[in-house]
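# A look at the structure
Below, each chain spelled out in residue letters.
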Amino acid sequence: MRLALFADIHANRQAFGACLEAAWARGAERLICLGDYVGYGADPEWAIDEVKGLVDNGAIAVRGNHDTAVGTTAESMNAEAQAAIEWTRGRLGASQRRFLAELPLTAQQDDRLYVHSEASSPGKWRYVQNTADAARSIMAAAAPITFCGHIHRPALYSMSSAAKMTSFVPTAGVAVPLLPGRRWLAVLGSVGQPRDGNPAASFAMFDTSSREITYCRVAYDVEEAASRIRNNGLPSWLADRLLVGR
Amino acid sequence: MAKSLIQPGAVIDGFTVGECVHSGGMATLWSVTHPGINVPLLMKIPRVSEGEDPAAIVSFEMEQVILPRLCGPHVPACFGTGDFVRQAYVVMERIPGRTLYSRLSELPLDYDEARGIAGKIAAALADLHRQHVIHHDIKPSSIMFRDSGEAVLIDFGLSHHDHLPDLLQEEFRLPYGTAPYMAPERLLGVRNDSRSDLFSLGVLLYFFTTGARPFGETETLRGMRRRLWRDPHPPRELRRDYPLWLQEIVLRCLEIEPVWRYPTASQLAFEFGHPDPSDCSRAAPVRRSASAGSHRDASRRRPRSARAITQRQSRRSYPS
């Protein structure tokens, strides 16, 4: 079965729309959404309704820290993120806020674990920045393959049967086999706010029979997404950063 | 991990196992047949029982992932792989003949024959590097030749693929490879420089044209580290009639800094195919005198630090 995985959509309608089109074109049969549907971007209502529609049609969705902040507090976030969350709160209806609040922190399917940030403490929203962080997540996960996002930079970590770690920055469009006998942590890039220097939206495809993951980049109308942010009075840095992928 | 299911007569994924044709340090080779495939086949099985080198597993995983993604006449065609869950194996085309290792008793070779062989290996490396793979174990036993003449590179267990995870990168504290042929930057953990293969080819050519290995046969890390600051004896010191143009090519391949070697295997292959005995300075950017002696004054040649080499790496623009 071909899965399409999306992380950190962040209310970016243009980016998510382009990624969905690319996923269908690649034959996606089931969609997995790894959290942070809102925050930073200008179309949170659309993003939630879209994800809710996908879930109603069989997609799996987990909750991210920005989704959680809508219903609780954004105090631990930086100023721009807080401003965006407060603006988002005002835009969402009760049913949309309830949808976010009721999303699980993790979901498991066969030999795969889906989580927003990492598996050792999903609710603490830790970033996976190096092999030590990845090792902690991999050791905590029962499943041999974990998919996550949160850091907005694609990476692939592997732990051998001797507990040795390797890290890898994937090349877009190249299928990488996730060998059995090893444990894997696939960190997805962000759909709606890439931070690896490439402004193209990032998602991934996973083929469950060949166990191959392909990281994909999709060009989208960045200018439109940026001007939507500016026109809604959100901090201008949130618009500027989309153009440079930072 | 499953015990090996391999024995003559066994059938695995449609391949019928014949006899064991080779028993190596990390793997065994068996002849196999398949009803749908009418070329001679070999099945490579890693050694995974208790007491075996754990590197054999990681090395096999790399070959299992890289070989099916390679194509062309310079690599054996791959016809199937199995993973460690049931039975790890790689089935590949059986290249007739023997490896270059079988020529060792004839060394040193005639210069022109050695040039021809090295040129074919350089062409094979150029094709491999174009496919984003660095071999990292170029040596006589990794090289065969088709009847049509092309060099075939075998044994990709230590290879690096630019677009796939390098499972050997952080796995082991010591660099894995064949000590006499290992490039200096490998000792500092650098695995993403294709010019490491050119260094190994330089060692092979030096050996095949002089009968001596440029850095000896040391297997210790301390012994290997000498090549980080010490040049080899110019081959002309070992053979008085050694052509100067060939010496220049060999010494340029054996430069300590990758940036001083040939930038690509293609350029090296071109040099082999177009020897110009009248111009000995063309081959090397830094002219070195054949009589300069092999041992630089230690005070003038500082050991390369890992940082110095990796800084140079990041400044170099990588040909894609």
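Remember, predicted model here, so these are calculated numbers, not experimental data.

Summing up its helical and strand segments, chain A has eight helices and twelve strands in all. Along the three orthogonal principal directions, the C-alpha set of chain A runs to about 50 × 35 × 35 Å. Within the span of chain A, comprising 246 residues, buried residues form 59% of the whole. When the accessible surface of chain A is totalled, it reaches about 9,200 Å², and 47% of it is carbon and sulfur.

Residue and element names in this part refer to chain A. The side-chain alternation of strand β4 (residues 106-109) yields one buried face, formed by Ala107 and Gln109, and one unburied face, formed by Thr106 and Gln108. In this structure, β4 lies alongside strand β5 (residues 112-115), joined through four bridges in antiparallel fashion. Bridge pairing in β5 links Gln109 to Arg112. Linking β4 to β5, which pair antiparallel, is a turn of two residues; within it Asp110 sits at a positive phi near 50°.

The next subject is the nonpolar core. General note: in soluble globular proteins, nonpolar side chains tend to be found buried as a group. Ranked by internal contacts, the top residues of the largest apolar core, which has 85 residues, are Tyr114, Phe147 and Ile213 of chain A together with Ile121, Leu268 and Phe272 of chain B. Here this core gets ten residues from one element, more than from any other, and that element is helix α2 (residues 111-130) of chain B. For Ile213 of chain A, the contacting residues outside a window of four places in its chain are Phe147, Val174, Ala175, Val176, Leu178, Ala186, Ala204, Met205 and Phe206 of chain A. Counting 51 residues, the second-largest nonpolar core is a separate cluster that includes Ala18, Cys19, Tyr40 and Leu238 of chain A.

This paragraph deals with the pairing of strand β10 (residues 183-187) of chain A. A regular strand places its side chains on the two faces of the sheet in alternate fashion. All names here are of chain A. The buried fraction of β10 amounts to four of the five residues, a majority that puts the element mostly inside the structure. For strand β6 (residues 145-148) and β10, the ladder comprises four bridges, and the chain directions are parallel. If you follow Cys148 over to β10, its bridge partner there is Val187. As paired elements, strand β7 (residues 155-159) and β10 share five bridges and run antiparallel to each other. Residue pairing in the sheet places Tyr157 in a bridge with Leu185 of β10.

All names here are of chain A. Pairing in this open sheet of six strands is mixed, and the strands run β4-β5-β6-β10-β7-β8 from one edge to the other. Whereas interior strands pair on both sides, the edge strands pair on one side only; in this sheet they are β4 and β8 (165-168). Averaged over all pairs of adjacent strands, the angle between their axes in this sheet comes to 15°, without regard to strand direction. Where β5 meets β6, three bridges bridge the pair, whose relative direction is parallel. In the strand pairing of β6, Leu113 is matched with Thr146.

Moving on, we come to the sheet that holds strand β3 (residues 60-61) of chain A. Residue and element names in this part refer to chain A. If you trace the six strands from one edge of the open sheet to the other, you get β3-β2-β1-β11-β12-β9, paired in mixed fashion. With one partner strand each, in any of the chains shown, β3 and β9 (175-177) form the two edges of the open sheet. Across four bridges, the pairing between strand β1 (residues 2-6) and strand β11 (residues 201-207) is antiparallel. Counted as the bridge partner of Leu3 is Phe206 from β11.

For helix α5 (residues 244-253) of chain B, the tally of buried residues reaches nine of ten residues, placing the bulk of the element in the interior. Along α5 of chain B, the residues that are buried comprise Trp245, Leu246, Gln247, Glu248, Ile249, Val250, Leu251, Arg252 and Cys253 of chain B.

Tallying each qualifying case throughout the model produces ten aromatic pairs over all chains. For the ring pair Phe6 of chain A and Phe16 of chain A, a centre distance of 5.3 Å and an interplane angle of 80° mean the geometry is edge-to-face. With Phe6 of chain A in strand β1 and Phe16 of chain A in helix α1 (residues 13-25), the pair connects residues that are ten residues apart, well separated along the chain. Both residues of the pair, Phe6 of chain A and Phe16 of chain A, count as buried. Taking 6.1 Å as the distance between ring centres and 70° as the angle between the ring planes, the aromatic pair formed by Phe207 of chain B and Phe208 of chain B counts as edge-to-face. The burial state of Phe207 of chain B is the same as that of Phe208 of chain B; both residues are buried. Clustering of aromatic rings is evident, with ring pairs tying together Phe6, Phe16, Trp46 and Phe203 of chain A. Taking NZ or CZ as reference, Arg241 of chain A lies 5.9 Å from the ring centre of Tyr40 of chain A, over its face. A cation over a ring is seen here: Arg252 of chain B above Tyr262 of chain B, with NZ or CZ 4.2 Å from the ring centre.

This next bit is on the interface of chain A and chain B. Accessible area lost upon the coming together of the parts serves often as the stated size of an interface. At the interface, 19 residues of chain A touch 14 residues of chain B. In this assembly, chain A and chain B are joined by two salt bridges. Here chain A is connected to chain B by two residue pairs in polar contact (both at pLDDT 80 or more). The element contributing the most residues to the side of chain A that touches chain B is β8 of chain A, with four residues. A per-class count over the side of chain A that touches chain B returns ten nonpolar, six polar and three charged.

Conventions and cut-offs
Residues numbered from 1 in each chain as written. Chains lettered and ligands numbered in written order. Predicted model: local features only at pLDDT ≥ 70, side-chain atom pairs only at ≥ 80, totals over all residues. Heavy atoms only, no water. Helix = DSSP H or I, 4+ residues; strand = E, 2+ residues; numbered from the N terminus. Buried < 20%, exposed > 50% of the residue type's maximum accessible area, 1.4 Å probe, protein only. Areas by Shrake-Rupley, 256 points an atom, 1.4 Å probe, with all protein chains shown as cover. Pairing = 2+ DSSP bridges. Core = buried A, V, L, I, M, F, W, Y, C linked by side-chain atoms within 4.5 Å. Contact = heavy atoms within 4.5 Å. Axes fitted to C-alpha atoms, helices over the stretch in contact; angles between N-to-C directions. Phe/Tyr/Trp six-rings, centres within 6.5 Å; stacked < 30°, edge-to-face > 60°. Lys NZ or Arg CZ within 6 Å of the ring centre and 35° of its normal. Salt bridge = Lys/Arg side-chain N within 4 Å of Asp/Glu carboxyl O. Polar contact = N/O pair within 3.5 Å; in protein donor to acceptor, adjacent residues only side chain to side chain. Nonpolar A, V, L, I, M, F, W, Y, C, P; charged D, E, K, R; others polar.

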